[in-house]
Every structure is written in C-alpha cells, then in structure tokens.
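As a plain string of letters, each chain reads:
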Amino acid sequence: MINGLKSSYVQGPVSALLRDYDTCFAKFLRPSCNGQKILQAVLMRAAFRRFAEERVAIRQDGASTILDVSCGPGDFSVAWASDIAKVLPFGMIFYCTDHAAGVSSTTGERYTTATVKKIRTAAQRGDLVLAEAPTGIDADLFFGDDRLMPSGKCADVIHWSHSGYHVRDALGLDKDQSLAIETGMNTAIGKMWSVLDRQGLILSIHQTRDVSDGVPSQMMPISRRYSGVLDDVPELIERQIARLGGYVASVNFATPLFFAKLHQADWERLKRPAEWPRLGPAELRNLLLLNFCAYDFSDPDRAALEKLAKTGKLASFIDAFKAVVTQNDGHLLVKCAFQLIAKSQDVAMKLKMIAGQLRQDLPTFLRQMANQMDIERDGDQASDRVGAASRSAYRPVR
Ligand SMILES: C[S@@+](CC[C@H](N)C(=O)[O-])C[C@H]1O[C@@H](n2cnc3c(N)ncnc32)[C@H](O)[C@@H]1O
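A quick note: this is a predicted structure, and the numbers were derived from the prediction, not measured.

Trainee: Help me out: how do you make sense of the overall build of the protein in this one?
Mentor: The helix and strand inventory of the protein stands at 14 helices and seven strands. The C-alpha radius of gyration of the protein comes to 20 Å, within 12% of the 21 Å expected for a compact globule of 398 residues. The principal-axis extents of the C-alpha atoms in the protein amount to approximately 60 × 45 × 45 Å. Within the span of the protein, comprising 398 residues, buried residues form 57% of the whole. Intrachain contacts of the protein at a sequence separation of at least 6 include 79% that bridge at least 24 residues. As displayed, the protein offers around 16,300 Å² of accessible surface, 50% of which is attributable to carbon and sulfur atoms.

As structure tokens, this is what we get:
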C-alpha cells in the first residue's frame, strides 16, 4: 500500500477514508511525493555501516537483538531490517511491539502478527538472517506496565520511529496537558530503557520543530496550533534521557512532501465538507494529506478535518498549509530528528562522532533521496495530477 492507491481507493465515502489511519498514512508516504522514508532509510544504512565500523551495539560474538517499537503493519520494518541485516555478522533476533488496537484495516490482523509474518517471509527470501523465530508482543507503550520484551531479554538496538505523537490518543480531556503528555512519554522511554542493553542504542526518529540549523519545519508546527499534535517529541525524549543519565546525539533532516497543484477554486472546495464526495483524485489527495498533517486519529468516529470543520477552524487550517505549499512550488518541508541514544558514555562518544559524520554527509544523502524520488515518479502509475506538481525538480535545501 505504500506505493500509491488501491483501485477501490476513490470509491469509498470520503469520511471513511479520512478516518482510516492506514489510508492516510499510505497517501502520506507515497515515495514519489515524499522523501521522508527514503532519506530515513539512507540515514539508517549509513548509520549502521558506521556502527559496524565502530563496533557499537552490533554483536561480534553472536546474533544482535533488535526491538522494533510501534512497528506498524510491518512493510517498513522489513525494509530497514533487510538493510541493516547486511552489517550484522551473526544475523538478528527480531522482536516487535505495538499496542493491541494496532490492527490492519485491510486484513484485520494485528500489526505485531503482520510484522512477524513479513519478517519471517523476508528471512525465507534471504533478505535477512534470523537466529531465532521473530516475536511480536502487544503492549501499550505509553501507559500501564506492559513489558516490551519477555522477562530477562534485552535489546542491542531499539528502533522507535514516529509513534511518540500517539501519547495523546488515550489522554481524553487531558490530551493537551503537558504534565500528562510528559508522564506518558516518560513511561514509554522508561519501558525502552529497561530492556536496552548497557552497550546498546536506541534509534528514535520523530518529527521536530527544531530550526536551529536554519531549515524550516513546516508540518507539525503548523498543525499543532489547530489539532494539538506534538511537534516536540525529540525534545521530550532528550529531556527524559538526560534525567535517566543517558546521552542523545541528533541529526535533523528535512524532506519534501508534495501536494497536488490545485487552482484556487479547488483549494476552496476542500474547505466545504459537503463538496468532499465530488472531489477529483488530485483534490482528494490534498484532502487526505491535510488530514494526515493534522495528525489526529484519536476518534474513530471523526477525522481530524471533520473536527476542524466542527470547530470552525477548517478554512484557516487549509489556508495555512496552502500558503506554505504555494510558496514552495508544491511541497512543504517535513523535518525530523534522527536521534542516537546511549546508556553508557563509551557508546555515547562513538554515537556523537557518528552523528557528526552523518550531518556532514547530509547534502549527499539529500541528493540520493531526490534521485530516488525521480525514479519512483517515473514508475508511478497513479493518474492524479500530483505528477505535474512534483515534476518540477526538487532542489534539496542543504
Ligand atoms: C506512524 S505509525 C509508525 C509505524 C512505524 N514505526 C513507521 O515508522 O512506519 C505509529 C505507530 O504507533 C502505534 N501506536 C499508537 N499508539 C500506541 C500505543 N499506545 N502503544 C504502542 N504503539 C502505539 C500505532 O499502532 C502505529 O503502529
């Protein structure tokens, strides 16, 4: 599903599409129009090559234990696990975790079950080597005392990508209370910390509002004003890791998310829910992207944009994004922090050095991403008009 749309896509009622996380996530991630996962993968490959060279977190005497936290439906887990498999001399022991409510809308399967199956299949194809059968554990990351791994087990590498924002989902009326948010985040970090080997590392990738390098962050900082979505997850992580006596080295990266180029009148139609059932594919694409940008899937009966419409904020939300997208010739910059987190000082020193090298290499990585997006675009069979927007070559900002 990451690559474009299923043919049934535009037939369902628009509300159902907007309320469905998987549909919006797939739309957001389409690699011809979004560089995020491509650059994330480039960075991961480069980071793991350096980990192997520096002998950090990768076991030289047996299989390395990997824990994928909030794994999702598993396609991305397979992609990065297959990439890093190349630098693991004795293969991997793979664990994944997600909450029990994480269920694929197409197959009805739990994310953990789906991920385990896909990892097993990848091993059968020879894309990665498993030293033991993969294990999936259903656990709430942010609340309660569910364990992320079986008792007595530890991870050498914990991968935690894009789930921190969900801490608000279960908070109800407290979801904008900073203390409640921080408590949930600290619970999540504590759960990972307790299963991290002393010589291991956590790799966390979350959107950031950081602009200290002069590169703008144009998704969650805009949405936060409307839907409350967290744009400071990396800062919350850094604070708690410091309290626990650990260390964080960061590489911030910004990638383009292309919208379909629309006429003014078509943007206006997005502001009128009554018109949504009659939108064409390009308008629908932007509607779903905007809904994902608002990032509020906490209510299965009302999508983020429907909530904004109800509170009278929809038009202003759309105008805010339209202004940035129009100014950037069709895209906005989604900025993430790639954080390398260590428990011990010797691992931290190596990670700091590796992060510095990765930051230096970012211009090269961005060019690789832009080339890959061109290739994806060429192979893109989708019929909506977004191609017209993204064909104008993207110039990496660094
Ligand atoms: C944006 S997806 C990220 C999936 C994958 N890690 C990736 O980067 O593509 C967010 C994930 O967080 C999970 N999640 C949401 N609430 C959670 C909770 N309370 N405990 C554990 N995972 C949760 C969702 O089920 C989903 O798999």
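Trainee: Looking at this structure, how should I read helix α12 (residues 314-327)?
Mentor: Helical geometry note: an α-helix holds 3.6 residues per turn, so side chains three or four residues apart project in the same direction. An ideal rise of 1.5 Å per residue puts 20 Å on 14 residues; α12 measures up with 20 Å between its terminal C-alpha atoms. For α12, the complete set of buried residues consists of Leu314, Phe317, Ile318, Ala320, Phe321, Lys322, Val324 and Val325. Contacts from the buried residues of α12 go to α7 (220-227), α9 (264-270), α10 (281-294), α11 (304-310) and β7 (331-342). Backbone geometry just after α12 places Asp329 at a positive phi near 60°.

Trainee: Explain the pattern of salt bridges here, please?
Mentor: Two side chains with opposite charge may pair up if their charged atoms get near one another. According to the stated counting rule, one finds 25 salt bridges in the structure shown. For the salt bridge of Arg239 with Glu182, the shortest nitrogen-to-oxygen distance reads 3.2 Å. A residue pair is termed long-range when its members are at least 10 positions apart, and Arg239 in helix α8 (residues 233-243) and Glu182 in helix α6 (residues 178-194) qualify at 57 residues. On the basis of relative accessibility, which here comes to 40%, the residue Arg239 falls in the partly exposed class. Judged by its relative accessible area of 16%, Glu182 is buried. Lys271 serves as the salt-bridge partner of Asp319, at 2.8 Å between the closest nitrogen and oxygen.

Trainee: Is there a simple way to think about the nonpolar core in this case?
Mentor: For soluble globular proteins, nonpolar side chains are generally found buried alongside one another. Among the nonpolar cores identified, the biggest contains 130 residues, and Phe51 and Phe338 are the most heavily contacted of them. In terms of residues, this core owes the most to one element, helix α13 (residues 345-378), which gives eleven residues. Phe338 has contacts with Gln40, Leu43, Met44, Ala47, Leu203, Ser204, Ile205, Ala249, Ser250, Val251, Phe253 and Leu358, leaving out every residue within four places of it along the chain.

Calculation rules
- Residues numbered from 1 in each chain as written.
- Predicted model: local features only at pLDDT ≥ 70, side-chain atom pairs only at ≥ 80, totals over all residues.
- Heavy atoms only, no water.
- Helix = DSSP H or I, 4+ residues; strand = E, 2+ residues; numbered from the N terminus.
- Rg over C-alpha atoms; globule rule 2.2 N^0.38 Å.
- Buried < 20%, exposed > 50% of the residue type's maximum accessible area, 1.4 Å probe, protein only.
- Contact = heavy atoms within 4.5 Å.
- Areas by Shrake-Rupley, 256 points an atom, 1.4 Å probe, with all protein chains shown as cover.
- Expected span 1.5 Å × (residues − 1).
- Salt bridge = Lys/Arg side-chain N within 4 Å of Asp/Glu carboxyl O.
- Core = buried A, V, L, I, M, F, W, Y, C linked by side-chain atoms within 4.5 Å.

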